[in-house]
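One-letter residues, chain by chain:
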Amino acid sequence: MLGEAEPQWISEEVKTGTTIIAIEFNGGVVLGSDSRVSAGDSVVNRVMNKLSPLHDKIYCALSGSAADAQTIAEMVNYQLDVHSLEIDEDPQVRSAATLVKNISYKYKEELSAHLIVAGWDRRDGGQVFATLGGLLTRQPFAIGGSGSSYVYGFVDAEYRRGMTKEECQKFVVNTLALAMNRDGSSGGVAYIVTIDEHSTDEKVILGNDLPTFFDQ
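Residues numbered from 1 in each chain as written. Predicted model: local features only at pLDDT ≥ 70, side-chain atom pairs only at ≥ 80, totals over all residues. Heavy atoms only, no water.

If you check an unreviewed UniProt entry, the protein chain appears there as Proteasome subunit beta from Oryzias latipes.

1. Quick look at the pairing of strand 5 (residues 51-55)
Looking along a regular strand, one sees the side chains alternate between the two faces of the sheet. Test applied: Buried means the residue's accessible area, taken with a 1.4 Å probe over protein chains only, is under 20% of the maximum for its type, while exposed means over 50%, and partly exposed covers the values in between. Only DSSP runs of H or I reaching four residues or more are called helices, and only runs of E reaching two or more are called strands; each is numbered from the N terminus. When DSSP finds two or more bridges between two strands, those strands count as paired.
Where burial is concerned, most of strand 5 is hidden: four out of the five residues are buried. Relative to strand 6 (residues 58-64), strand 5 runs antiparallel, the two being bridged by four bridges. Each residue of the ladder has a partner; that of His 55, found in strand 6, is Ile 58. Linking strand 5 back to strand 6 in an antiparallel pair, the connection comprises two residues.

2. Structural notes on the environment of Tyr 159
Put simply, the rule reads: Whether two residues are in contact is decided by their heavy atoms, any of which lying within 4.5 Å being enough.
Tracing the backbone through its elements, the reader meets Tyr 159 in the loop between helix 4 (152-158) and helix 5 (165-182). The buried category is assigned to Tyr 159, whose relative accessible area is 18%. In this structure, the C-alpha to C-alpha distance between Tyr 159 and Pro 140, residues 19 residues apart in sequence, is 9.4 Å. Those residues within four positions of Tyr 159 in sequence are excluded, and the remaining contacts are Ile 23, Pro 140, Phe 141 and Phe 171.

3. Remarks on the layout of surface pockets
Which entries qualify depends on this criterion: Definitions used throughout: a 1 Å grid over protein atoms alone; a cavity as a set of points that fits a 1.4 Å probe which cannot get out; a pocket as an open set with protein on both sides within 12 Å along at least five of seven lines; a lining residue as one with an atom within 4 Å of a point. Grid points are joined across faces, edges and corners, and a volume is the space filled by probe spheres set on the points. Gly is placed with the polar residues, together with every amino acid not listed as nonpolar (Ala, Val, Leu, Ile, Met, Phe, Trp, Tyr, Cys and Pro) or charged (Asp, Glu, Lys and Arg).
Here the largest pocket is characterised by a volume of approximately 230 Å³. Taken together, 13 residues form the lining of the largest pocket, with Asp 90, Pro 91, Trp 120, Asp 121 and Arg 122 sitting closest to its centre. Among the residues forming the lining of the largest pocket, the class breakdown is three nonpolar, two polar and eight charged.

4. Concerning the sheet that holds strand 8 (residues 125-130)
Convention followed: Note on method: axes are straight lines fitted to C-alpha atoms, helices fitted across the in-contact stretch only, with angles between N-to-C directions ranging 0 to 180 degrees.
The five strands are arranged 5-6-7-8-9 in an open sheet whose pairing can be described as antiparallel. Each end of this open sheet is capped by a strand with a single partner; those strands are strand 5 and strand 9 (137-138). Those strands touched by helix 3 (residues 93-106) are strand 5, strand 6, strand 7 (113-121) and strand 8, and its axis lies near 165° from that of strand 7.

5. Remarks on the nonpolar core
The nonpolar side chains of a soluble globular protein tend to be buried, and buried together. We count it as follows: Within this scheme, the nonpolar core is defined by two criteria: the residues are buried Ala, Val, Leu, Ile, Met, Phe, Trp, Tyr or Cys, and they are joined through side-chain atoms within 4.5 Å.
Core analysis: the biggest nonpolar cluster contains 23 residues, and Ile 23, Val 30, Phe 171, Val 172, Leu 176, Ile 192 and Leu 210 have the highest contact counts within it. Elements represented by at least two residues in this core include exactly strand 1 (20-25), strand 10 (141-144), helix 5 and strand 11 (190-196). In this structure Ile 192 touches Val 30, Leu 31, Gly 32, Leu 51, Val 172, Val 173, Leu 176, Asp 201, Glu 202, Lys 203 and Ile 205, once residues within four positions along its chain are discounted. In terms of nonpolar packing, the next biggest core, distinct from the first, is built from 21 residues, Ile 58, Leu 62, Val 93 and Leu 115 among them.

Shown next as structure tokens:
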């Protein structure tokens, strides 16, 4: 009827969730994410790969609105391809992160997304950048998404400078497994990407193969 207030669920913001992580090691980076896409209490996609390539040795981990994050990744991927042709060499990781930061800030009122950018280049080796809301900061590791709030204590306790590639891969898998167990908006399978000078390796770990902990 006229004059009646609209139901509360119509005006409520749809809550989304995820867990993403990236970490540097000497000579490269490891990125990881869960695969669950949620809208409120509903799971709308169980196996979305949230690790999106921006260039051959540069990836980003997506969180926030899936559509918004994918749009930013596609825009940066196109701009990096053009930039690479102009300079006739592979782009720097910082250049990719700066593009993400600029787009995130320019459209901060329209888009809801947080991307972690990580990769390897000849100038600075493995690098991880956080780009939240126009921020650009290089970090030895970065985590994001709703699941990150459950694992800050774990990553602070377990992270050590100078970890090997294998130790970083284990660190990422354990972090994702804990977050996916605690956070109802994170789950599915774990996607892992390892990037160094020689290769870019993608891996999928099924939920049944993730490590378990004492309360499971």
